[in-house]
Amino acid sequence: MKRLCLAFVTGFFAVLAVRGQVYVAPDGNDAAAGTLNAPKATLAAAIRQVREERRLRKAPAGKIMMKGGTYYLNEPVFIRPEDNGTPANPLVIEGAPGEKPVLSGGILVKGWKENTDNLKGLPQAAAGRIWVANLPVIAGPIPFRQLWVNEKKAVRAKSSPGNEMHRIRNWDKKTGTAVIPLHPFEDLEVTDGLEFFIHQWWEIARLRVRKLEKTGDSCRVWFYEPESHIQNEHPWPAPWLSAETGNSAFYLCNSLSFLDEPGEWYCDAASRKIYYYPRADEDMAVAETVISRLENLVIVKGLPETPVEHIQIKGLRFEHSAWNRSSLQGHVPHQAGLYMTEAYKLRPAGTEEKPTLDNQAWVGRPQAAVAVSYAADIRFDDNRFEHLAATGLDLRIGVKASSVTGNLFKDIGGTGIQGGYFGDDGREIHKPYNPTGNRVICENIKIANNLVTDVGNEDWGCVGIGMGFSRNISIERNEVENVPYSGISMGWGWTPKKNIMERNRIRFNRIHHYGRANYDCAGIYTLSAQPGTLIEENYIDSIYKAPYAHLPTHWFYLYTDEGSSGIILRNNWTPAQKYLQNNNGPGNQWSNNGPGVASAVKAKAGLESRYHALLKEKTSQGVHLDINKQRKELVELVGGDKNRIDLKTLNTLLHEKGVQQATIGQWQQHTVFYGLVTDVNVLRGQLQKVFPGVTVKVYQDLVYEFDRAERCRGAVIAREWTDIIMTANLVNDPGKQQEYLDDHATQFEKWPEVSNGFCNADFQQLRVFKNGRQLMLVISIPKGEKLDDLNPKTSENNPRVNDWNQLMSGYQEGIEGTKKGETWVELTNGE
């Protein structure tokens, strides 16, 4: 009887295989029948079996069931037009119930041992703590760039600890070199693979180091081609040089001499060895370590005239993709990860499409773990895209009537979900896209109920979800969090001229904890004309205080950038109306956006309840950065006797530019205003035009902040405030200046009596801004009160406040024009 049952089961699954259901297992055999008990070993073989069933027996497309385990790929899996299903019988590729099949582009590293060799250049901090393994034997050289240890990404050994970075001293475009401090690079030698990572505005660049020249206390860094001339010829984005906000941040990486922290690794390609400094909880004798190898895991590739159609991919995991271009040609992206292949400044400016354009650029497109071209009715449901080097899923060209639903995108080097046209076939990026046929257009795509988290961790300019030229795209009910730049980016081209974009919908998304590294960003960002596009009922909150942002306040919740036209933005909840409309075209409609939007919008946004299991994968809780709040900005205009600012003209300008709650004060030739500004750096240029001959100073460096609501337990907050503005200089002694900053950074812990005094005096807020040596102090008190009456209460029965004031007096002096012994002067209403 048992033999009969076994024969029946075997025969039953053989019939299933004939009818197009094929099983795959990591311990299978591609020569097997593909049944439950005799599964195939690879997805490629299963696809071929279904393809042959369709060709020979005219069978329905069928289903491929993948058992749990890791499938280490030797080459990408291709899905072609010959694999097409039908609307009634699609080709389904899915994980077996309860199983976790992983398609991996990586290769295991085995045989780890404690290093006993004397490694020249290894930092003393790592001595006796390094493990070593031989690189796996594979055909041809591969510049390994990613290593995962027990599914946690390791860090390529770099020159700065943790999340810290150095600052460049200068950038010399004539010689194409970076000038950096000599320390800590006194003994650094150029070895194969040494790389320079630089933060520049809204992007980064990775440049291969060719030569170091050390002179005095500086080091000049030279780079290889082709990235060297691209980096030095393109104008946007570029290395940032600013006395106000600091020069561009950088680090060097991929040298044994940097291997000094747990979690770092270094690959010596010449000796074919990989070195790793384990974290405290890692036992390298049993740890699973994977290096990325393949750039693409799955390629869905149709033709314009015969697209791939009716495919469903469900419940799979895509892991360990590679992206090797940076090791071969460097990486200098323009925006959103699209790397430049040529770019330069136009002299004089202007093209036929855009008379004011000052640059030209041509871009390439990063690789993707899963890439789709010329396809229709392709569905990605309930998959995991994780531990990937570049883009997760890319709907590249000619993708129509498809959907991406309920997926996780996590720990990804580039953009999570990307699609549409970006000019990566050689078209200059600022031109409107109007192809002669519709086959190439990406349209009618739904992206819904996905969680996108911790993406862009290799290229900080990448986004959560990014679509180029495309139309009828629906991006709804996604949660996007912990991203380094913008959450959702819609559009390309920087042009208000007619193109194929129209009727896109970005609705009901929850976007938070973004801008982790780069500014000039927003929760939702748009480019170019896209009539009928609707952005509504999204929840956008919590932008990080990025530690190396080029302009600390150049971040937004909603941002319609160059050429944005015909877009409706309504009923989006944001904690403040910090929005930017930069060089927009006609027809945008803004209505009812901001903190006053109904609370139901906040509750409704994000994943639908049946997808809430994804939320346990969120990563923002592990990022220890402060969150930005819109704050009042402080701007000073300094002129001579003939350039004293006319307050009426200034008031009119501030009103026209939407500056809110502005306080204006004057002292001699100094005029300041303190108010809510959408973009203080744009306003700086406008002020300079209206008041030629004056110096415009923006105080971006907030060195101290007392907030009554935060520091005074049970305090009552006044409904209306008066802002009192005063100024002084720090003494011209760098050591004392640093002591002043250190004292303010630790005041709440070491001098709690000072903030207690502010509480007693009913101060609502106290802020100290710095620009160079000059300080600006803003004390906010309840409207109707006088500072002279309140200030004595700070030291009443509180002598430590007097000690603090005495200490501070040694760090401060009056600005030019003050009387002898005078330090702080008040800027009043022009009187």
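The preceding data block contains the structure.
Residues numbered from 1 in each chain as written. Predicted model: local features only at pLDDT ≥ 70, side-chain atom pairs only at ≥ 80, totals over all residues. Heavy atoms only, no water.

Undergrad: So what exactly am I meant to see when it comes to the overall build of the protein chain here?
TA: Within the protein chain, the secondary structure is distributed over 13 helices and 58 strands. Rg of the C-alpha trace for the protein chain: 30 Å, near the compact-globule value of 28 Å for 831 residues, within the 12% margin. Each principal axis of the C-alpha atoms in the protein chain carries an extent, and together these give about 105 × 65 × 60 Å. Sorting the 831 residues of the protein chain into buried and exposed places 59% on the buried side. (Helix = DSSP H or I, 4+ residues; strand = E, 2+ residues; numbered from the N terminus. Rg over C-alpha atoms; globule rule 2.2 N^0.38 Å. Buried < 20%, exposed > 50% of the residue type's maximum accessible area, 1.4 Å probe, protein only.)

Undergrad: Sorry, what's going on with the sheet that holds strand 26 (residues 333-335) here?
TA: Each strand in a sheet pairs with its neighbour through backbone hydrogen bonds, running either in the same direction (parallel) or in the opposite one (antiparallel). The strand order across the open sheet formed by three strands is 26-27-28, and the pairing between neighbours is antiparallel. If you trace the sheet from one side to the other, it starts and ends with strand 26 and strand 28 (359-364), each paired once. Sheet twist, expressed as the mean angle between neighbouring strand axes with direction ignored, is 55°. (Pairing = 2+ DSSP bridges. Axes fitted to C-alpha atoms, helices over the stretch in contact; angles between N-to-C directions.)

Undergrad: In this structure, what is going on with the packing of helix 9 (residues 734-745) against helix 13 (residues 799-809)? I would like to understand it.
TA: A packed helix pair is summarised by two numbers, namely the angle formed by the two axes and the spacing between the axes. Two numbers describe how helix 9 lies on helix 13: the axes approach to 10 Å, and their chain directions differ by 155°. In terms of their interaxial angle, helix 9 and helix 13 are classed as roughly antiparallel. Contacts from Y740, D743 and H744 of helix 9 reach helix 13 at W804, L807 and M808. Partitioned by chemical class, the residues of the contact of helix 9 with helix 13 number four nonpolar, one polar and one charged. (Parallel < 35°, antiparallel > 145°, perpendicular 65-115°, else oblique. Contact = heavy atoms within 4.5 Å. Nonpolar A, V, L, I, M, F, W, Y, C, P; charged D, E, K, R; others polar.)

Undergrad: Sorry, what's going on with a negative patch on the surface here?
TA: Where like charges cluster on the molecular surface, the negative patch consists of E785, D788, D789 and E826. Structurally, D788 can be placed in helix 12 (residues 787-790). (Patch = residues over 30% accessible without salt bridge, like charges linked within 9 Å, V, L, I, M, F, W, Y side chains within 5 Å. Areas by Shrake-Rupley, 256 points an atom, 1.4 Å probe, with all protein chains shown as cover. Salt bridge = Lys/Arg side-chain N within 4 Å of Asp/Glu carboxyl O. Lys, Arg positive; Asp, Glu negative; His and termini not counted. Charge placed at Lys NZ, Arg CZ, Asp CG, Glu CD.)

Undergrad: What is the right way to look at the environment of S104 in this model?
TA: Its place among the elements puts S104 in strand 6 (residues 101-104). Given the relative accessible area of 0%, S104 is considered buried. Residues S104 and W804, 700 residues apart in the sequence, show an inter-C-alpha distance of 60 Å. Residue contacts for S104: discarding those within four places in its chain leaves T70, Y71, Y72, L73, L297, E319 and H320.

Undergrad: Hey, could you run me through the state of the cysteines in this one?
TA: As used in these notes, a disulfide is a covalent bond between sulfur atoms, one from each of two cysteines. The full count for this structure, using the stated rule, is one disulfide. Disulfide partner of C712: C759, at an S-S distance of 1.9 Å. The S-S bond linking C712 to C759 shows a torsion near -90°; that makes this disulfide left-handed. With C712 in the loop between helix 8 (708-711) and strand 54 (721-730) and C759 in helix 11 (residues 752-760), this pair connects stretches of sequence that are 47 residues apart. Neither residue differs from the other here; C712 and C759 are each classed as buried. (Disulfide = S-S within 2.5 Å.)

Undergrad: What am I meant to see in the sheet that holds strand 9 (residues 131-134) here?
TA: Across the sheet, which stays open at both edges, the five strands sit in the order 8-9-21-20-12 with mixed pairing between neighbours. Each of the sheet's edge strands pairs with one partner strand only, and the pair in question is strand 8 (113-114) and strand 12 (155-156). As paired strands, strand 8 and strand 9 are joined by two bridges and run antiparallel to one another. Across the sheet, the residue bridging to E114 is W131, located in strand 9.

Undergrad: Explain the packing of helix 6 (residues 647-656) against helix 7 (residues 680-690) to me, please; I cannot follow it from the model alone.
TA: The interhelical angle for the contact between helix 6 and helix 7, taken along N-to-C directions, is 145°, at an axis separation of 11 Å. Classified by chirality, the crossing of helix 7 by helix 6 is right-handed. Side by side, helix 6 and helix 7 meet where T649, L650, L653 and L654 of the first sit next to L683, Q686, L687 and V690 of the second. Grouping the constituent residues of the contact of helix 6 with helix 7 by class yields six nonpolar, two polar and no charged. (Left-handed = near helix turned anticlockwise from the far one by under 90°.)

Undergrad: Sorry, what's going on with the pattern of salt bridges here?
TA: Between side chains of opposite charge, a pair can form when the charged atoms approach closely. This model, assessed by the stated rule, comprises 41 salt bridges. Note that R156 is salt-bridged to E195, the shortest N-O span being 3.2 Å. Taken together, the residues R156 in strand 12 and E195 in strand 16 (residues 195-200) connect sequence positions 39 residues apart. For R156, a relative accessible area of 12% corresponds to the buried category. Among the salt bridges present, the one from E244 reaches R684, with a minimum N-O distance of 3.1 Å. With E244 in the loop between helix 3 (227-233) and strand 19 (249-253) and R684 in helix 7, this residue pair connects regions lying 440 residues apart in the sequence.

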